[in-house]
Amino acid sequence: MGIAVNLVTYLIDIMHLPSSTSANGVTDFMGTSFLLCLLGGFLADSFLGRYRTIAIFAIIQTLGTGTLALATKLPQLRPPPCHASASHICKPANGFQMGILYTALYLIALGTGGLKSSVSGFGTDQFDEKDEKEKSQMAYFFNRFFFFISIGTLMAVTVLVYLQDEVSRSWAYGICSVSMFIAILIFFTGTKRYRYKKSSGSPIVQIFQVIVAAINKRKMELPYNVELLYEDTPVATRIQHTDKFQFLDKAAIVGEGDFERNVVSGPNPWKLCSVTRVEEVKMMVGLLPIWATTIIFWTTYAQMITFSVEQASTMERSIGSFQIPAGSLTFFFVAAILITLALYDRLIMPFWKKWKGKPGFSNLQRIAIGLVMSTLGMAVAAVVEKRRLSVARATGVTTATLPITVFLLIPQFFLVGAGEAFIYTGQLDFFITQSPKGMKTMSTGLFLTTLSLGFFVSSFLVSVVKNVTGNNNGHGWLADNINHGRLDCFYGLLAVLGIINFVLFLVCAVWYKPREPKPALQMEPIVNGSSAEDKC
């Protein structure tokens with residue numbers, strides 16, 4: 001979090017990159033971090049196990065932060081300092097300098113993906129769910145786990161960002177690297193005391209087996225009686241056949257050659273799958289419409305750590321003699337999550353239970369609330385940016401610090417932050433409770449890809465808007481200097497896209513029929529408001 005939230009100012013002020021390029025650099029970095037959670041999960045489930053995955057990728061992340069500290073320390077790895085003006089354009093970083101920086105960032109992204117895919121799961125491996133005492137202790141583990149994540153997030157957006165701006169980025173990143181190294185040593189001290197669970201295979205492979213088998217049998221006719229479809233799952237754990245996505249049922253048609261001679265362990269799973277296995281895949285496919293309509297929220301979220309931080313860097317940020325670092329404005333984002341979770345837990349849930357007889361909003365209702373609040377956040381952001389631009393034009397677009405308070409940005413941070421509190425817990429609840437028992441890790445990974453794709457969609461949208469509205473002078477909606485641009489129009493575009501997406505979400509939510517009611521996961525006091533790190 002401490003790296004991502006203040007990275008856009010480094011790319012603009014130190015590496016002398018254009019505003020839109022810098023924003024895309026941050027969102028691509030964050031998106032890759034989340035996308036690599038799938039790789040980490042696959043390796044942990046199929047080959048390495050969680051312990052080895054954590055150890056290997058923690059070392060990779062430490063190397064990445066160390067390389068980043070080096071890249072920000074050596075003057076040869078950044079362009080000469082200068083102050084841009086209307087008559088003077090600063091020399092941007094060259095290919096070698098950007099190559100070293102991106103090597104460091106993507107080592108961190110790789111380490112983050114591997115770590116986040118396994119660390120919480122490895123923690124739960126230490127408890128025996130069949131033991132009632134240990135099962136109750138697991139709840140305390142999660143509370144403490146997320147508590148320390150919350151502390152880390154707050155430290156990142158305050159102390160670490162302050163060190164980057166006021167002391168030295170290399171010192172700040174060096175502290176991160178040393179802290180990671182110490183954490184790895186502590187992790188290794190418990191090696192003999194940990195409990196280890198054997199890898200059971202990746203659900204991704206199981207899904208592809210059903211798809212391949214169905215494609216290979218696409219010309220075969222389904223039997224008139226579903227009882228004729230192949231099923232070898234024990235009765236107690238079977239999933240009843242449904243009529244949705246009937247094409248996938250063909251994977252359970254028994255065909256000639258499906259059972260190989262002299263093989264007693266069962267059919268080749270790439271040729272024949274059980275009804276239960278097919279139904280598990282159907283359940284995962286059924287999640288996709290809701291999955292797709294939550295991506296736009298994380299595109300909105302991406303603006304909070306890119307353009308909103310850039311806005312803050314141009315505004316009056318002083319409290320007496322102390323100047324707030326632009327990146328630390330995300331503190332209000334984290335605060336919004338804490339406040340929202342507390343209000344939901346102490347006020348909304350008791351009221352809702354008394355009025356409706358249910359322990360809080362359903363997962364889809366929470367997702368809907370999050371989408372609405374993020375859309376409102378972008379609408380408010382557009383209004384505030386319009387005001388900031390009017391001040392910039394009145395005082396001169398080259399003015400370093402505009403005479404307008406940075407605290408006008410608080411409403412957009414609060415709205416999107418509160419929205420994340422709802423949508424994150426709603427998504428996590430939805431993807432865990434509505435997925436097959438054997439694919440919980442896979443469904444969590446599916447949820448995390450919405451974050452990844454949200455960042456990549458942000459990069460794509462920025463590039464399209466830059467090309468469509470830009471001109472030879474570097475102006476347009478997303479100008480190289482935001483005082484020359486129309487960031488308010490870009491925020492307005494995101495608000496319109498949010499409205500369209502919300503309508504599509506409502507259609508998908510009405511279409512979706514849960515298999516059976518399950519106890520909902522309620523909102524925990526989690527502070528992962530602004531961080532990709534907090535969500536794996």
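Quick caveat: nothing in here was measured; it's all calculated off a predicted structure.

Glancing now at the packing of helix α13 (residues 363–395) against helix α14 (residues 410–433). Helix packing for two helices is described by the angle between their axes and how far apart those axes are. It is the contact of α13 with α14, at a shortest axis distance of 7 Å, that shows an interaxial angle of 155°. Classified by the angle their axes make, α13 and α14 are roughly antiparallel. Two packed elements cross with a definite hand, and for α13 against α14 that hand is left-handed. When grouped by side-chain class, the residues that make up the contact of α13 with α14 number 16 nonpolar, 10 polar and two charged.

Attention shifts here to the packing of aromatic side chains. The geometry of an aromatic ring pair comes down to the distance between the two centres and the angle between the two planes. Enumeration according to the criterion identifies 30 aromatic pairs in this entry. Measuring from ring centre to ring centre gives 5.3 Å for Trp298 and Tyr301, while their planes differ by 65°; the resulting arrangement is edge-to-face. Taken together, the residues Trp298 and Tyr301, both in helix α10 (residues 295–304) and three residues apart, mark about one turn of the helix. Pair check on accessibility: Trp298 and Tyr301 agree, each one buried. Put simply, the rings of Phe34, Phe297, Trp298, Tyr301, Phe333 and Phe455 touch in pairs and so form one group of aromatic residues. When the ring centre of Trp511 is taken as reference, the NZ or CZ atom of Lys244 above it lies at 4.4 Å.

The next point concerns the pattern of salt bridges. Enumeration over the complete set of coordinates arrives at six salt bridges. Across the pair Asp249 and Lys282 runs a salt bridge, and its minimum N-O distance is 2.8 Å. Of this pair, Asp249 sits in the loop between α7 (203–216) and α8 (275–286) while Lys282 sits in helix α8, placing them 33 residues apart in sequence. The same class applies to Asp249 and to Lys282, which are both buried. Here Glu385 ties to Arg388 by a salt bridge, and the two come within 2.8 Å at their closest N and O atoms. Of this pair, Glu385 and Arg388 both sit in helix α13, three residues apart, which is roughly one turn of that helix. When its relative accessible area of 0% is taken as the criterion, Glu385 is described as buried.

Each value, and the rule that gives it
- Residues numbered from 1 in each chain as written.
- Predicted model: local features only at pLDDT ≥ 70, side-chain atom pairs only at ≥ 80, totals over all residues.
- Heavy atoms only, no water.
- Axes fitted to C-alpha atoms, helices over the stretch in contact; angles between N-to-C directions.
- Helix = DSSP H or I, 4+ residues; strand = E, 2+ residues; numbered from the N terminus.
- Parallel < 35°, antiparallel > 145°, perpendicular 65-115°, else oblique.
- Left-handed = near helix turned anticlockwise from the far one by under 90°.
- Nonpolar A, V, L, I, M, F, W, Y, C, P; charged D, E, K, R; others polar.
- Phe/Tyr/Trp six-rings, centres within 6.5 Å; stacked < 30°, edge-to-face > 60°.
- Buried < 20%, exposed > 50% of the residue type's maximum accessible area, 1.4 Å probe, protein only.
- Lys NZ or Arg CZ within 6 Å of the ring centre and 35° of its normal.
- Salt bridge = Lys/Arg side-chain N within 4 Å of Asp/Glu carboxyl O.

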